Amino acid sequence: MKVLVTGGAGQLGRELARSRPEGVELLSPERKALDIVDGAAVDDFLRTHAPAVIINAAAYTAVDRAEQEAALAEAVNAEGAANLARAARAQGARLVQVSTDFVFDGAQGRPYRPEDAVGPLSVYGQSKLRGEQAVREQLGDEALILRTAWVYAAQGKNFVHSMLRLMAERDELAVVVDQLGTPTWARGLAAAIWRALALGIRGTQHWTDAGVASWYDFAVAIQEEALALGLLERPVTIRPIRSEQFPTPARRPAGAVLDKSAFWEALGEVPPHWRVALRAMLKELAHG
């Protein structure tokens, strides 16, 4: 089976390549070889290579910068998704669109099911929602739209690496305690995508690792695990603060925890708790 992965150089793209099943021929072009914003280029690439599956892991993910670069976020996250969905429909290819918890406002007080009302608070969230809508317009429920959250990996820019760097440089950190979600190792997310494709799962689904955390909880866990593994030489003070004490250009959902139960049941498996996954990733980082 020939599978096209966009955003192959990113955290999820690397893990998809690393864990691709036997019999999968992976196409992972660099952006200069396939810019998903260019509709004609997308059409030409799919006609030439005829992948059976497209996994759209390409995204504009600079949440705060998107407030000043709305057109760019919209081009990549919405127009790019629309181009891929249209080309997938024309070529008869399956599409996996990776989306985000930021399509919700985080105010309802319980985990969000896939069918719950959306209400993004930021330009980033709005652009990702329009990407979802474009995919549904072209492919209906034949596509797999997979929302996830707080993704990290051993490579790439993410919260884990930012915390490790700051903990090595400073004596004290202040981290937001009133925004909840679930840290998600890109490796588990990649495995879930491959399994979903094998099982033919479609529609809008949610995936993260198990459990819930605040950014403060996540930072504390990163420090504890990193100290145990020798990735940090000494502990620093981590102080919990409220969101209003750390203003950012983009508003973030306070409680956009995703309800993954339906997808976990469809896959026939429950992922590890986020802290178990974090420990495994940091062990990999420590041992090279």
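As a reminder, the structure under discussion sits directly above these lines.
Residues numbered from 1 in each chain as written. Predicted model: local features only at pLDDT ≥ 70, side-chain atom pairs only at ≥ 80, totals over all residues. Heavy atoms only, no water.

### Examining the overall build of the protein chain
Reasoning step 1: When helices and strands are counted, the protein chain shows nine helices and 12 strands.
Reasoning step 2: Taking the principal axes of its C-alpha atoms as reference, the protein chain extends roughly 55 × 40 × 40 Å.
Reasoning step 3: Split into buried and exposed, the 288 residues of the protein chain put 50% on the buried side.
Reasoning step 4: Here the contacts in the protein chain between residues at least 6 apart in sequence split such that 81% fall between residues at least 24 apart.
Reasoning step 5: Of the roughly 12,900 Å² that the protein chain leaves accessible, carbon and sulfur atoms contribute 49%.
Reasoning step 6: One way to put it: in the protein chain the 32 positive side-chain charges average out to a point 2 Å from where the 35 negative ones average out. (Helix = DSSP H or I, 4+ residues; strand = E, 2+ residues; numbered from the N terminus. Buried < 20%, exposed > 50% of the residue type's maximum accessible area, 1.4 Å probe, protein only. Contact = heavy atoms within 4.5 Å. Areas by Shrake-Rupley, 256 points an atom, 1.4 Å probe, with all protein chains shown as cover. Lys, Arg positive; Asp, Glu negative; His and termini not counted. Charge placed at Lys NZ, Arg CZ, Asp CG, Glu CD.)

### Topic: the nonpolar core
Reasoning step 1: Residues Y152, V160, M163, M167, F218 and L278 are the most contacted members of the largest nonpolar core, which totals 27 residues.
Reasoning step 2: Elements that contribute at least two residues to this core include exactly α5 (159-169), β7 (172-176), α7 (215-229) and α9 (274-287).
Reasoning step 3: Examining the composition of this core, we find that six residues originate from one element, α7, more than from any other.
Reasoning step 4: Sequence-distant contacts of M163, that is, excluding residues within four places in its chain, are made with L173, V175, A219 and I222.
Reasoning step 5: Formed by 24 residues, the second largest nonpolar core is a distinct cluster that contains L12, V96, V98 and I193. (Core = buried A, V, L, I, M, F, W, Y, C linked by side-chain atoms within 4.5 Å.)

### A short note on the packing of helix α1 (residues 11-18) against helix α6 (residues 186-199)
Reasoning step 1: Taken N-terminus to C-terminus, the directions of α1 and α6 make an angle of 60°; their axes are 8 Å apart at the nearest point. Classified by the interaxial angle, the pair formed by α1 and α6 is oblique. Of the two possible hands of crossing, α1 and α6 adopt the one that is right-handed. Residues Q11, L12, E15, L16 and R18 of α1 form the contact with α6, whose participating residues are A186, R187, L189, A190, I193 and W194. (Axes fitted to C-alpha atoms, helices over the stretch in contact; angles between N-to-C directions. Parallel < 35°, antiparallel > 145°, perpendicular 65-115°, else oblique. Left-handed = near helix turned anticlockwise from the far one by under 90°.)

### Notes on helix α2 (residues 39-49)
Because each turn of an α-helix spans 3.6 residues, side chains separated by three or four positions in sequence point in the same direction.
Reasoning step 1: Every buried residue of α2 is accounted for by G39, V42, F45 and L46. End-on view of α2: buried residues confined to an arc of 125°, all on one side of the axis. Facing away from the buried side of α2, by more than 90 degrees, are the exposed residues A40, R47 and T48.
Reasoning step 2: Buried-residue contacts for α2 involve β1 (2-6), β2 (25-27), β3 (53-56) and α3 (70-91).
Reasoning step 3: The N-cap residue of α2 is D38: its side-chain oxygen and the backbone nitrogen of A40 are 3.2 Å apart.
Reasoning step 4: Within two residues after α2, A50 carries a phi angle of roughly 50°, on the positive side. (Arc of directions from axis to C-beta. Polar contact = N/O pair within 3.5 Å; in protein donor to acceptor, adjacent residues only side chain to side chain.)

### Some points on the sheet that holds strand β4 (residues 94-100)
Reasoning step 1: Strand order in the open sheet formed by six strands is β2-β1-β3-β4-β5-β10, with parallel pairing between adjacent strands. Two strands lie at the open edges of the sheet, namely β2 and β10 (203-206), each paired on one side alone. Looking at each pair of strands side by side, their axes are set apart by 20° on average, direction ignored.
Reasoning step 2: As paired elements, β4 and strand β5 (residues 144-148) share five bridges and run parallel to each other. If you follow S99 over to β5, its bridge partner there is R147. (Pairing = 2+ DSSP bridges.)

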